[in-house]
Amino acid sequence: MIRLGRWQDVLADVDMVDAVICDPPYGAKTHDGHDVGIARTPGENGADTSVRRSINYSAWTADDVSEFVSSWAPRTRGWMACMTSHDLCVAYTDAMEAAGRYVFAPLPFFSPGSRVRLSGDGPSSWTCWIVVSRPRCEPFSKWGTLPGGYAGPSPSCEVVGGKPLWLMQAIVRDYTRAGDLVCDPFVGSGTTAVAALSEGRRFIGAEAMPEHHTIATRRLAAGFTPSMF
Ligand SMILES: C[S@@+](CC[C@H](N)C(=O)[O-])C[C@H]1O[C@@H](n2cnc3c(N)ncnc32)[C@H](O)[C@@H]1O
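Treat the numbers as computed from the prediction; the structure is a model and nothing was measured.

(A) Representation of the packing of helix 5 (residues 165–175) against helix 6 (residues 191–198) within the structure. Remark: helix 5 packs on helix 6, axes separated minimally by 8 Å, with the N-to-C direction vectors making an angle of 55 degrees. Overall, the two elements helix 5 and helix 6 adopt an arrangement that is oblique. Judged by the sense of rotation from one axis to the other, the crossing of helix 5 with helix 6 is right-handed. Contacts from Leu-165, Met-168, Gln-169 and Val-172 in helix 5 reach Thr-191, Thr-192, Val-194, Ala-195, Ala-196 and Ser-198 in helix 6. Of the residues belonging to the contact of helix 5 with helix 6, the class tally is six nonpolar, four polar and no charged.

(B) Quick look at the site of the ligand. For the ligand, the set of nearby residues contains 19 residues, the closest of which are Lys-163, Ser-189, Thr-191, Glu-207 and His-212. Take Ser-189: an N or O atom from its side chain is 2.6 Å from an oxygen atom of the ligand. Here an oxygen atom of the ligand and a side-chain polar atom of Thr-191 are 2.5 Å apart. In terms of residue class, the shell around the ligand is built from eight nonpolar, seven polar and four charged.

(C) Spotlight on the packing of aromatic side chains. Within this structure, the stated rule accounts for 12 aromatic pairs. On the basis of an interplanar angle of 55 degrees and a centroid distance of 6.3 Å, the ring pair of Trp-7 and Trp-72 is categorised as tilted. Of this pair, Trp-7 sits in helix 1 (residues 7–10) while Trp-72 sits in helix 3 (residues 62–72), and the two are 65 residues apart along the sequence. Between the aromatic rings of Tyr-102 and Phe-104, the centroid separation amounts to 5.0 Å while the plane-to-plane angle is 65 degrees, which identifies the pairing as edge-to-face. The exposure class of Tyr-102 is partly exposed, given its relative accessible area of 34%.

(D) Geometry of the pattern of salt bridges. Applying the stated criterion to the full structure yields eight salt bridges. When the shortest N-O distance is used, the salt bridge between Asp-9 and Arg-6 registers 3.6 Å. Judged by relative accessible area, Arg-6 falls into the partly exposed class, the value being 43%.

(E) Summary view of the packing of helix 3 against helix 4 (residues 89–98). Close contact between helix 3 and helix 4 brings their axes to 9 Å; oriented N to C, the two are set at 30 degrees. It follows that helix 3 is roughly parallel to helix 4 by the angle criterion. The way helix 3 lies across helix 4 gives a crossing that is right-handed. Here Ala-62, Val-65, Ser-66, Phe-68 and Val-69 of helix 3 lie close against helix 4, whose contacting residues are Ala-91, Tyr-92, Ala-95 and Met-96. Residue classes in the contact of helix 3 with helix 4 are distributed as eight nonpolar, one polar and no charged.

(F) Here's a closer look at helix 4. Buried within helix 4 are the following residues: Cys-89, Ala-91, Tyr-92, Thr-93, Ala-95 and Met-96. In this fold, the buried residues of helix 4 make contact with helix 3, strand 3 (80–84), strand 4 (102–103) and strand 6 (127–134). Following helix 4 by one or two positions, Gly-100 has its phi on the positive side, about 90 degrees.

Rules and cut-offs
- Residues numbered from 1 in each chain as written.
- Predicted model: local features only at pLDDT ≥ 70, side-chain atom pairs only at ≥ 80, totals over all residues.
- Heavy atoms only, no water.
- Axes fitted to C-alpha atoms, helices over the stretch in contact; angles between N-to-C directions.
- Helix = DSSP H or I, 4+ residues; strand = E, 2+ residues; numbered from the N terminus.
- Parallel < 35°, antiparallel > 145°, perpendicular 65-115°, else oblique.
- Left-handed = near helix turned anticlockwise from the far one by under 90°.
- Contact = heavy atoms within 4.5 Å.
- Nonpolar A, V, L, I, M, F, W, Y, C, P; charged D, E, K, R; others polar.
- Near = heavy atom within 4 Å.
- Polar contact = N/O pair within 3.5 Å; in protein donor to acceptor, adjacent residues only side chain to side chain.
- Phe/Tyr/Trp six-rings, centres within 6.5 Å; stacked < 30°, edge-to-face > 60°.
- Buried < 20%, exposed > 50% of the residue type's maximum accessible area, 1.4 Å probe, protein only.
- Salt bridge = Lys/Arg side-chain N within 4 Å of Asp/Glu carboxyl O.

Structure below.
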């Protein structure tokens, strides 16, 4: 269900999924800004005093976005919802349109209360973005009314950049139906997997880093206890 390895290798045999809901690496500006925040002495010149772990996976470029979308768009029967930083939104939009999909204006995920870090982007704006697209056909063109964004707390996670379970559950409910096969090729700590299974969907995904894969499989094996919600 969660395969260990790069999606390019370990999900190559997956012919078709109902939806791709994912949280790939963000752009270099976000990753670099995050690292600048770590390098500073806490409190120096008003610097961020919050504890921050470094990001242990590589940042993405527009070429990564293009490779990813061109591989998954033909294999995705329904919606694609990809979380990203503002600097890569245009790359996602262009790649999804090139694949013949209808692309919407990026939806914000707004998380008030995080420490403002005046470098990079990410938490300095309290917002990241979800680029959503659908095939140009029914039933996806008559899907219904959906939220124009998501807002709420972002609790700390075992994987840097991990997303809150409530958010991934809301996205799963909004863009898939019961029984659908949801794919997340960037599993991280497994939030999308837990969200999909807890909402009655099926799941397949990949994670390249063994330590993240271990966290995700442990989380799934632990079952859906009340504390996870
Ligand atoms: C932002 S994190 C995902 C966090 C996840 N949404 C969560 O809530 O924990 C991105 C993940 O993608 C993984 N990754 C990066 N490139 C990958 C690839 N080519 N194949 C599979 N996983 C990859 C990284 O190791 C990292 O765990």
